[in-house]
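A structural walkthrough
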Amino acid sequence: MNQTILVLLPVEERHQKLLESCAPGCSFLYRLPDTVLPREVMEANIIIGCPPARYLRDSDELEWLQCSSAGVEAYLAPGVLPPKALLTNATGAYGLAISEHMLGMLLEIFKRLHTYRDAQHQHQWKSQGQVRSIYGSTILVLGMGDIGGEFAKRVKALGAYVIGVRRRDASRPDYADEVHLTDKLDELLPRADVVAASLPGTRETFHLLDARRLNLMKEGAVFLNVGRGNLVDTQALCDALERGRLSGAGLDVTDPEPLPPDHPLWDLPSAVITPHVSGFYHLPETLERIVRISADNLRAYLAGEPLRNLIDFQTGYRRVVPAASPRKAEP
């Protein structure tokens, strides 16, 4: 079988050897998303990485897109992918990097490290007041997948009471004290000292945290968001921070994104903002995991076996039950 495989990852030679060992006889082309040509995308049968979505509308040869990201909303719109093309994501690659980033932001806010940094810039040797502890706090984790689950494990180990929220399946892993479905969110928000979100961008999650729900949160709670910025109404979040309703927010994602230089979020002293960098390849292990997931899926695809992380186009989430074989391998 001679398939054309386009790889849009910053791979090293050892990564190339691994991928090519999974697809003998196939043709590989290595590019990066910002340098790949539209023609190269259009000619590929398999793409590993995240091509510009606008390049895919005429890619009639594409059979399968293995995204290097966990979020795939750019590829879900009608007409972006060919009708029979499969879509998989890189869930499982980002839990380590992003959960540690979340923990770092939470400790920065709880221990007022951001205000000490501000004081340092002013050459001020002065106490910033009382701090808080993860130990004994109640942390509500919205999304208990790879990222949310890894974060829950870390704060549980530090002594937090962990409540998880899932779209479906309320079974409780050992690193959570409670797990509920999304329909219980209004009851859970007032209980939480920290609300930590790692949800994808879907119709159901758009402005899930609106002004009403932000007002349901406990006075002085902290909000963390590493999923998609449009989970929260940004203006309502600014208002809640300005009024002191929330004591802090750690945001690796915003709406809009990039955050404009004149946006009021920048100047809120209780906001800790990073420019959507908790994942990507800043932690080298993340790339290693993406390559391993892609290699395993490539081997499975060419063998006609079920794929890991296959996306349901209707929900935007991974399919819960492994899908039937995408197609039979050719002799």
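Look a little higher up for the structure.
So, how was this worked out
Residues numbered from 1 in each chain as written. Predicted model: local features only at pLDDT ≥ 70, side-chain atom pairs only at ≥ 80, totals over all residues. Heavy atoms only, no water. Helix = DSSP H or I, 4+ residues; strand = E, 2+ residues; numbered from the N terminus. Rg over C-alpha atoms; globule rule 2.2 N^0.38 Å. Buried < 20%, exposed > 50% of the residue type's maximum accessible area, 1.4 Å probe, protein only. Contact = heavy atoms within 4.5 Å. Areas by Shrake-Rupley, 256 points an atom, 1.4 Å probe, with all protein chains shown as cover. Lys, Arg positive; Asp, Glu negative; His and termini not counted. Charge placed at Lys NZ, Arg CZ, Asp CG, Glu CD. Core = buried A, V, L, I, M, F, W, Y, C linked by side-chain atoms within 4.5 Å. Pairing = 2+ DSSP bridges. Axes fitted to C-alpha atoms, helices over the stretch in contact; angles between N-to-C directions. Phe/Tyr/Trp six-rings, centres within 6.5 Å; stacked < 30°, edge-to-face > 60°. Lys NZ or Arg CZ within 6 Å of the ring centre and 35° of its normal. Right-handed = clockwise from strand over helix to strand, strands pointing away.

**Examining the overall build of the protein chain**
Across its full length, the protein chain holds 9 helices and 12 strands. On C-alpha atoms alone, the protein chain measures out to a radius of gyration of 21 Å, which is about the 20 Å that the 2.2 N^0.38 rule sets for 331 residues. Viewed in the frame of its principal axes, the protein chain has a C-alpha envelope of about 70 × 45 × 35 Å. Taken across its 331 residues, the protein chain has 50% of its residues classed as buried. Across the protein chain, contacts joining residues at least 24 apart in sequence account for 58% of those joining residues at least 6 apart. With an accessible surface of roughly 15,900 Å², the protein chain has 52% of that area assigned to carbon and sulfur atoms. Treating the 36 positive side-chain charges of the protein chain as one cloud and the 41 negative ones as another, the clouds have centres 5 Å apart.

**Some details on the nonpolar core**
The nonpolar side chains of a soluble globular protein tend to be buried, and buried together. Grouped together as the largest cluster of nonpolar side chains are 54 residues, with contacts concentrated most on L106 and L298. If you tally residues by element for this core, the top one is helix α9 (residues 284–302), at 9 residues. Counting residues in each nonpolar core, the second largest holds 31 residues, with L142, L188, L237 and A271 among its members.

**What about the sheet that holds strand β6 (residues 138–142)?**
Pairing within the open sheet is parallel, and its 7 strands lie in the order β8-β7-β6-β9-β10-β11-β12. The strands lining the two open edges of the sheet, one partner per strand, are β8 (178–181) and β12 (271–273). The average undirected angle you get between the axes of adjacent strands in this sheet is 15°. Sheet analysis places strand β7 (residues 161–166) next to β8, joined by 4 bridges and oriented parallel.

**Some words on the packing of aromatic side chains**
Counted according to the given criterion, the structure contains 3 aromatic pairs. Plain terms: the ring middles of F28 and Y30 are 6.0 Å apart, the flat faces sit at 15° to each other, and that makes the pair stacked. The two residues F28 and Y30 agree in class, both being buried. For the pair F280 and Y281, a centre-to-centre distance of 4.7 Å together with 35° between the ring planes defines the contact as tilted. Positioned above the aromatic ring of Y317 is the side chain of R167, whose terminal nitrogen or guanidinium carbon lies 3.9 Å from the ring centre.

**Overview of the sheet that holds strand β2 (residues 27–30)**
Read across the open sheet, the 5 strands follow the order β2-β1-β3-β4-β5; overall the sheet is parallel. Every other strand in the sheet has two partners, leaving β2 and β5 (86–88) as the edge strands with one partner each. Within this sheet the neighbouring strands show an average axis-to-axis angle of 15°, counted without direction. Pairing of strand β1 (residues 4–8) with strand β3 (residues 46–49) involves 4 bridges; the strand directions are parallel. Residue pairing in the sheet places L8 in a bridge with G49 of β3. Docked against the sheet, helix α1 (residues 13–21) engages β1, β2 and β3, running at close to 150° with respect to β2. In the packing of α9 onto the sheet, contacts are made with β1, β2, β3, β4 (64–66) and β5, and the angle to β4 comes to roughly 160°.

**What to know about the pairing of β1**
With 4 of 5 residues buried, β1 is to be regarded as a mostly interior element. With 4 bridges connecting them, β1 and β2 associate as parallel partners. Paired with I5 across the bridge in β2 is F28. With α1 bridging β1 and its parallel neighbour β2, the resulting β-α-β unit is right-handed.

**Thoughts on the environment of I48**
Secondary-structure assignment places I48 in strand β3. A relative accessible area of 0% means that I48 is categorised as buried. When the C-alpha atoms of I48 and I290 are compared, they prove to be 9.6 Å apart, with 242 residues separating the residues in sequence. Apart from residues lying up to four places away in sequence, I48 is in contact with I5, L6, V7, L8, L9, L19, Q66, S294 and L298.

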